[in-house]
Amino acid sequence: MIMETNEKLIAVVEIGGDKATQFWARADDLAQAYNEKSTDIVYSVKKLPDSDNLFHFFATSKEEMTQETLLECSREFLDELLTRWEEMGYTIKPLSEIS
């Protein structure tokens, strides 16, 4: 039997250099804080097995909802995440601007 998941990828982040461990800890802390106050969505941060610097952020709905609704609900989480990274000195750019 195949189980369908409501897990949706909401962001992919690559961190270079020695800040990946610090980044991972802060991102995971934020995900856990949001999970404590959210009743509808579970956030998770997963590091890819082949890379120490590439992170995937997921939002999983506990109930059935459209991807658009899930992403809309995740905007606050992503906004706070980006704000924290900027406060840590990271520069946030779209992929099209990174060479």
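I will try to describe carefully the structure that is included in this document.

Conventions we followed
Residues numbered from 1 in each chain as written. Predicted model: local features only at pLDDT ≥ 70, side-chain atom pairs only at ≥ 80, totals over all residues. Heavy atoms only, no water. Pairing = 2+ DSSP bridges. Helix = DSSP H or I, 4+ residues; strand = E, 2+ residues; numbered from the N terminus. Axes fitted to C-alpha atoms, helices over the stretch in contact; angles between N-to-C directions. Parallel < 35°, antiparallel > 145°, perpendicular 65-115°, else oblique. Left-handed = near helix turned anticlockwise from the far one by under 90°. Contact = heavy atoms within 4.5 Å. Phe/Tyr/Trp six-rings, centres within 6.5 Å; stacked < 30°, edge-to-face > 60°. Buried < 20%, exposed > 50% of the residue type's maximum accessible area, 1.4 Å probe, protein only. Lys NZ or Arg CZ within 6 Å of the ring centre and 35° of its normal. Core = buried A, V, L, I, M, F, W, Y, C linked by side-chain atoms within 4.5 Å.

What follows covers the sheet that holds strand β1 (residues 7-14). Ordered in space as β1-β3-β2, the three strands form an open sheet in which the pairing is antiparallel. With partners counted over all chains shown, the strands left at the sheet margins are β1 and β2 (41-47), one partner each. Each strand of the sheet is rotated relative to its neighbour by a mean of 20°, with strand direction disregarded. Pairing of β2 with strand β3 (residues 54-61), which is carried by seven bridges, proceeds in the antiparallel orientation. By the bridge assignment for β3, valine 45 is matched with phenylalanine 57.

A few words now on the packing of helix α1 (residues 20-37) against helix α2 (residues 67-87). At a closest axis distance of 11 Å, the pairing of α1 and α2 adopts a crossing angle of 150°. What the angle tells us is that α1 and α2 run roughly antiparallel. Of the two possible hands of crossing, α1 and α2 adopt the one that is right-handed. From α1, Phe23, Arg26, Ala27, Leu30, Ala31, Tyr34 and Lys37 reach across to α2, where they touch Glu76, Phe77, Glu80, Leu81, Arg84 and Trp85.

Looking now at the packing of aromatic side chains. The description of an aromatic ring pair rests on the distance of the ring centres and on the angle between the ring planes. Taken as a whole and assessed by the stated rule, the structure comprises three aromatic pairs. Centroid distance tyrosine 34 to phenylalanine 77: 5.2 Å. Interplanar angle 80°. Geometry classified as edge-to-face. Placement of tyrosine 34 in helix α1 and of phenylalanine 77 in helix α2 is noted, with a sequence separation of 43 residues between them. Each member of the pair, tyrosine 34 as well as phenylalanine 77, is classed as buried. Between tyrosine 43 and phenylalanine 77 the ring centres are 4.3 Å apart and the planes differ by 15°, which places this aromatic pair in the stacked class. Here phenylalanine 77 lies in helix α2 and tyrosine 43 lies in strand β2, a separation of 34 residues in the sequence. Both residues of the pair, tyrosine 43 and phenylalanine 77, belong to the buried class. Taken together, the ring pairs in this structure connect Tyr34, Tyr43 and Phe77 into an aromatic cluster. Positioned over the ring face of tyrosine 34 is lysine 37, at 4.2 Å from the centre of the ring. The positively charged end of lysine 46 is found above the aromatic ring belonging to phenylalanine 58, 4.7 Å away from the centroid.

Bringing the nonpolar core into the picture now. Counting residues in hydrophobic clusters, the biggest one holds 22 residues, and the most contacted among them are Phe23, Tyr43, Phe57, Phe77 and Trp85. When contributions to this core are tallied by element, the ones reaching two or more residues are β1, α1, β2, β3 and α2. No other element matches the six residues that α1 contributes to this core. Setting aside anything within four residues of it in sequence, one finds tyrosine 43 in contact with Ile10, Ala31, Tyr34, Asn35, Phe58, Ala59, Cys73, Ser74 and Phe77.

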